[in-house]
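Residue-level listing of the chains:
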Amino acid sequence: MVELFERIAQRIGDGGELVALTGAGISAESGIPTFRGDDGFWTRGSTNYRPEELATWRTFASDPELVWPWYLWRLARCRDAQPNPGHTALVDMDEALGNRFTLVTQNVDGLHSRAGSPEHRSYHIHGNLERMRCSAECNANTWPVPDALRVFAKGDAITPADEPLLRCPSCDAWARPHVLWFDECYDEKWFRYRSSMSAAMAADVLLVVGTSGSTNLPMQMASQALRSKALIVEINLRESAFSDYAVQSGGGLVTGPAGTLLPKLARRLASGSSA
Ligand code: NAD
Ligand code: ZN
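This section reports on the structure supplied with the text.

1. So, the sheet that holds strand β1 (residues 18–22)
Here we have six strands laid out as an open sheet, ordered β5-β4-β1-β9-β10-β11, and parallel in their pairing. In this open sheet, the two strands that pair with only one neighbour each are β5 (122–124) and β11 (252–255). Ignoring strand direction, the axes of neighbouring strands in this sheet form an average angle of 20°. Across five bridges, the pairing between strand β9 (residues 205–209) and strand β10 (residues 231–236) is parallel. Within the sheet, the bridge partner assigned to V209 lies in β10 and is I235. The sheet strands contacting helix α12 (residues 258–270) are β1, β9, β10 and β11, and the helix crosses β9 at an angle near 155°.

2. Examining the packing of aromatic side chains
Across all of its chains, the model carries six aromatic pairs by this definition. Summarising the aromatic geometry, the rings of W70 and Y71 are spaced 4.9 Å apart at their centres and angled 75° between planes, so their arrangement reads as edge-to-face. Y71 shares its class with W70; the two are buried. On the basis of an interplanar angle of 50° and a centroid distance of 6.4 Å, the ring pair of Y71 and W181 is categorised as tilted. Taken as a pair, Y71 in helix α5 (residues 64–80) and W181 in the loop between β8 (175–179) and α8 (188–191) lie far apart in primary sequence, 110 residues in all. With relative accessibility at 1%, the residue W181 sits in the buried group. A network of ring pairs unites the aromatic residues W57, F60, W70, Y71 and W181 as a single cluster. The ring of W190 is capped by R133, whose NZ or CZ atom sits 4.5 Å from the centre of that ring. We note R167 situated over the ring of W174; from NZ or CZ to the ring centre the distance is 4.3 Å.

About the criteria used
- Residues numbered from 1 in each chain as written.
- Chains lettered and ligands numbered in written order.
- Predicted model: local features only at pLDDT ≥ 70, side-chain atom pairs only at ≥ 80, totals over all residues.
- Heavy atoms only, no water.
- Pairing = 2+ DSSP bridges.
- Helix = DSSP H or I, 4+ residues; strand = E, 2+ residues; numbered from the N terminus.
- Axes fitted to C-alpha atoms, helices over the stretch in contact; angles between N-to-C directions.
- Contact = heavy atoms within 4.5 Å.
- Phe/Tyr/Trp six-rings, centres within 6.5 Å; stacked < 30°, edge-to-face > 60°.
- Buried < 20%, exposed > 50% of the residue type's maximum accessible area, 1.4 Å probe, protein only.
- Lys NZ or Arg CZ within 6 Å of the ring centre and 35° of its normal.

By themselves, these are just geometric observations and shouldn't be taken as functional.
What follows is the structure, encoded as structure tokens:
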């Protein structure tokens, strides 16, 4: 047994609360690329776009027909992927701990939900590719990407037949992907900002899985968890921006793939504090 997992079990066994914070690394073993590497590129005509350029309100507002096909292609890839043992292990932890468990995910791929993580204990802090909302904010709803929309391959463009399906049914403005863009801010209404910070404040253990720490709210959560004396343990293939927080908290990095390590931790937690 990994020594740090034993320490997690001790803290949680005494009625403690566990917050799992996940990033793109947990879905890498399902075949969904992180943003690093060539897979992130999108090409139209002779121009290559990086996610940092495409995933912005500014780009969408000026050219929704550039941004939508990239999202619809990513959605198709995510729908083809299956949850892996890392996702399933977090469902097992949820079942073992009930309301002492909270999942906070940066992933927009829907794999945690498809694995069975309950929505009422899951905060999707960067949104969900499966849903869209009105870009003019004429109403406060999100709705599913319509089934009638065809499957997008890499390089496909929006056609006149697609366009009505990408419009708000109430006001006919463009719908937009329900995701947090690089030039937008976290909030409670769409992205559960305050709920996530409250969970970090109440956590006895913050388990950070497969994230490099390049986004803001996850780093704030780690900082808050450290101040509230939580044990911070990281699962990653390599060190990240969270590693120092983990060491300072008395925890550390467990190096290895999430799909192998999380099931070991889930089994340890299922056996209680005295195993
Ligand atoms: P990230 O910041 O979440 O970094 C990925 C991390 O995962 C790296 O630290 C890497 O070392 C680690 N990792 C890779 N494979 C792993 C494995 N098998 N086990 C454990 N750790 C592993 O990711 P990013 O790609 O830079 O994404 C930034 C943001 O973009 C995310 O926060 C997310 O919102 C979005 N994004 C989401 C998805 C998705 O939904 N699957 C994919 C790409 C990007
Ligand atoms: Zn509208």
